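# Structural overview for review
Chain by chain, the residues:
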Amino acid sequence: MNQPHPGHPAQVPVLALGDVLLVSLQGELHDGMAEQLQHDITSRIATSRVTGVVIDISGVDMVDSFLGRVLAEIASTAGLLAARTVLAGMRPAVAITLVELGLTLPGLVTALDVDRAMELLTQRGS
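What this report covers is the structure whose coordinates are included nearby. It should be emphasised that the depicted structure is a prediction, and the values quoted were computed from it without experimental measurement.

It is worth spelling out the sheet that holds strand 1 (residues 14-17) at this point. Here five strands make up an open sheet; going across it, the order is 1-2-3-4-5 and the pairing mixed. Of all the strands in the sheet, just strand 1 and strand 5 (109-111) have a single pairing partner and so form its edges. Averaged over neighbouring strand pairs, the angle between their axes works out to 25 degrees when direction is ignored. Inspection of the sheet shows strand 1 paired to strand 2 (residues 20-26) by four bridges, in the antiparallel sense.

Structure representation (structure tokens):
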């Protein structure tokens, strides 16, 4: 059931850049992978000194209601663990889809790209 699909990695890499986790989503993120990502990020925040999470979705063509909910839950959980989340690189088509689905993504701050997301986290951390 949670087997990787051909052409898709078994899990999404979560990179640590100082006290910020960087997650770069590429292509289609299947439900099992999205749930695993949520668990991985939460575990990393709880066991380290992470103060921010940047989720780069510039490589994502489509966000469905499930993935939208998972992204909002990641932000909510991170916030409860004292880390801020910034969603970076949203394509216009993805933004339109989220609005059409009625997903406001509470708790998520957005940035045009990863550099601006990192700036937001460092400005707010000062």
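As a further point, take a negative patch on the surface. On the surface, a cluster of negative charge is contributed by Glu-28, Asp-31, Glu-35 and Asp-64. Position of Asp-64 among the secondary structure elements: in the loop between strand 3 (52-59) and helix 2 (65-80). Since its relative accessible area comes to 33%, Asp-64 is described here as partly exposed.

The subject of this paragraph is the environment of Gly-68. When you line up the elements, Gly-68 lands in helix 2. Between the C-alpha atoms of Gly-68 and Leu-105, which are 37 residues apart in sequence, the distance is 6.9 Å. Beyond its immediate sequence surroundings of up to four residues, Gly-68 is in contact with Val-63, Leu-103 and Leu-105.

Conventions we followed
Residues numbered from 1 in each chain as written. Predicted model: local features only at pLDDT ≥ 70, side-chain atom pairs only at ≥ 80, totals over all residues. Heavy atoms only, no water. Pairing = 2+ DSSP bridges. Helix = DSSP H or I, 4+ residues; strand = E, 2+ residues; numbered from the N terminus. Axes fitted to C-alpha atoms, helices over the stretch in contact; angles between N-to-C directions. Patch = residues over 30% accessible without salt bridge, like charges linked within 9 Å, V, L, I, M, F, W, Y side chains within 5 Å. Areas by Shrake-Rupley, 256 points an atom, 1.4 Å probe, with all protein chains shown as cover. Salt bridge = Lys/Arg side-chain N within 4 Å of Asp/Glu carboxyl O. Lys, Arg positive; Asp, Glu negative; His and termini not counted. Charge placed at Lys NZ, Arg CZ, Asp CG, Glu CD. Buried < 20%, exposed > 50% of the residue type's maximum accessible area, 1.4 Å probe, protein only. Contact = heavy atoms within 4.5 Å.

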